[in-house]
Amino acid sequence: MSETTREFFDALERHGHERVLKKTNGTIRFDLEHDHEVDHWFVEIRGGAVRVSQQNSDADTVVRSDNAFFDRLVRGEAKPLSAWLRNDITTEGKFQFIVLLERLFAPPPGARHPRMAVRDGGSDEE
């Protein structure tokens, strides 16, 4: 497994509670393939509280990807919904968690929050 992947799940576990997920309850298992092996990451969300383990348990949604592509998601170089539409990731289970994944991954490199853009005058050009 890559260091990027481990750091992502470690940070998710350390943070523990995600305010944007406060109305969310469910589980997502990530099956990440590399070198003819599969690493399993199990994410449980209960009212915004997030717990992460490496168990291979049944989940509401299962996301499958190769580890290299998952690293791109973590770095914000790709977005989960677009990746799903292109079949870069495959899923089983509840679709709502695919949309929810957008909130867990980093924004694209160089992206700014809309409020910051408005506060700064709405443009990067002077």
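None of the values given here were measured: they were computed from a predicted structure.

### A short note on the sheet that holds strand β1 (residues 25-34)
The strands making up a sheet associate through hydrogen bonds between their backbones, and the pairing can be parallel or antiparallel.
Stage number 1. Within the open sheet, the five strands sit side by side as β3-β2-β1-β4-β5. Their pairing is mixed. Each end of this open sheet is capped by a strand with a single partner; those strands are β3 (49-53) and β5 (90-93). Going from strand to strand, the sheet's axes swing by 20 degrees on average, the running direction of each strand aside.
Stage number 2. Sheet strands in contact with helix α1 (residues 3-15) are β1, β2 (37-46) and β3, and its direction is about 140 degrees off that of β3.
Stage number 3. Against the sheet, helix α2 (residues 67-75) makes contact with β1, β2 and β4 (61-66), and its axis sits at roughly 110 degrees relative to β4, the strand it touches most.

### Some points on the packing of aromatic side chains
Stage number 1. Taken as a whole and judged by the stated rule, the model has seven aromatic pairs.
Stage number 2. Note on F8 and F9: the rings are 5.0 Å apart at their centroids and 75 degrees apart in plane angle, and the pair reads as edge-to-face.
Stage number 3. Its relative accessible area of 1% is what places F9 among the buried residues.
Stage number 4. Feature note: the residues F8, F9, F30, W41 and F70 constitute an aromatic cluster, connected by ring pairs.

### Here's the deal with a negative patch on the surface
Stage number 1. Together, E3, E7, D10 and E13 make up a negatively charged patch on the protein surface.
Stage number 2. Here E7 is to be found in helix α1.

### Details of the pattern of salt bridges
Stage number 1. In the structure shown here, the tally under the stated rule is eight salt bridges.
Stage number 2. Note that E44 is salt-bridged to R46, the shortest N-O span being 3.2 Å.
Stage number 3. Exposure remark for E44: the relative accessible area of 17% places this residue in the buried category.
Stage number 4. Owing to a relative accessible area of 42%, R46 belongs among the partly exposed residues under this scheme.
Stage number 5. Ionic pairing is found between R51 and E44, a salt bridge with its closest N-O pair at 2.7 Å.

### Focus on the environment of L100
Stage number 1. Along the chain, L100 falls in helix α4 (residues 96-101).
Stage number 2. Among the residues examined, L100 registers a relative accessible area of 8% and is labelled buried.
Stage number 3. Taking the C-alpha atoms as reference, L100 lies 9.5 Å from V20; in sequence the two are 80 residues apart.
Stage number 4. Those residues in contact with L100, other than ones at most four positions away along the chain, are L21, T24 and I45.

### As for the environment of L32
Stage number 1. In this fold, L32 is placed in strand β1.
Stage number 2. It is 9.8 Å that separates the C-alpha atoms of L32 and I89, two residues lying 57 residues apart in sequence.
Stage number 3. Those residues in contact with L32, other than ones at most four positions away along the chain, are T5, F9, E37, V38, D39, W41, S65, N67 and F70.

Calculation notes
- Residues numbered from 1 in each chain as written.
- Predicted model: local features only at pLDDT ≥ 70, side-chain atom pairs only at ≥ 80, totals over all residues.
- Heavy atoms only, no water.
- Pairing = 2+ DSSP bridges.
- Helix = DSSP H or I, 4+ residues; strand = E, 2+ residues; numbered from the N terminus.
- Axes fitted to C-alpha atoms, helices over the stretch in contact; angles between N-to-C directions.
- Contact = heavy atoms within 4.5 Å.
- Phe/Tyr/Trp six-rings, centres within 6.5 Å; stacked < 30°, edge-to-face > 60°.
- Buried < 20%, exposed > 50% of the residue type's maximum accessible area, 1.4 Å probe, protein only.
- Patch = residues over 30% accessible without salt bridge, like charges linked within 9 Å, V, L, I, M, F, W, Y side chains within 5 Å.
- Areas by Shrake-Rupley, 256 points an atom, 1.4 Å probe, with all protein chains shown as cover.
- Salt bridge = Lys/Arg side-chain N within 4 Å of Asp/Glu carboxyl O.
- Lys, Arg positive; Asp, Glu negative; His and termini not counted.
- Charge placed at Lys NZ, Arg CZ, Asp CG, Glu CD.

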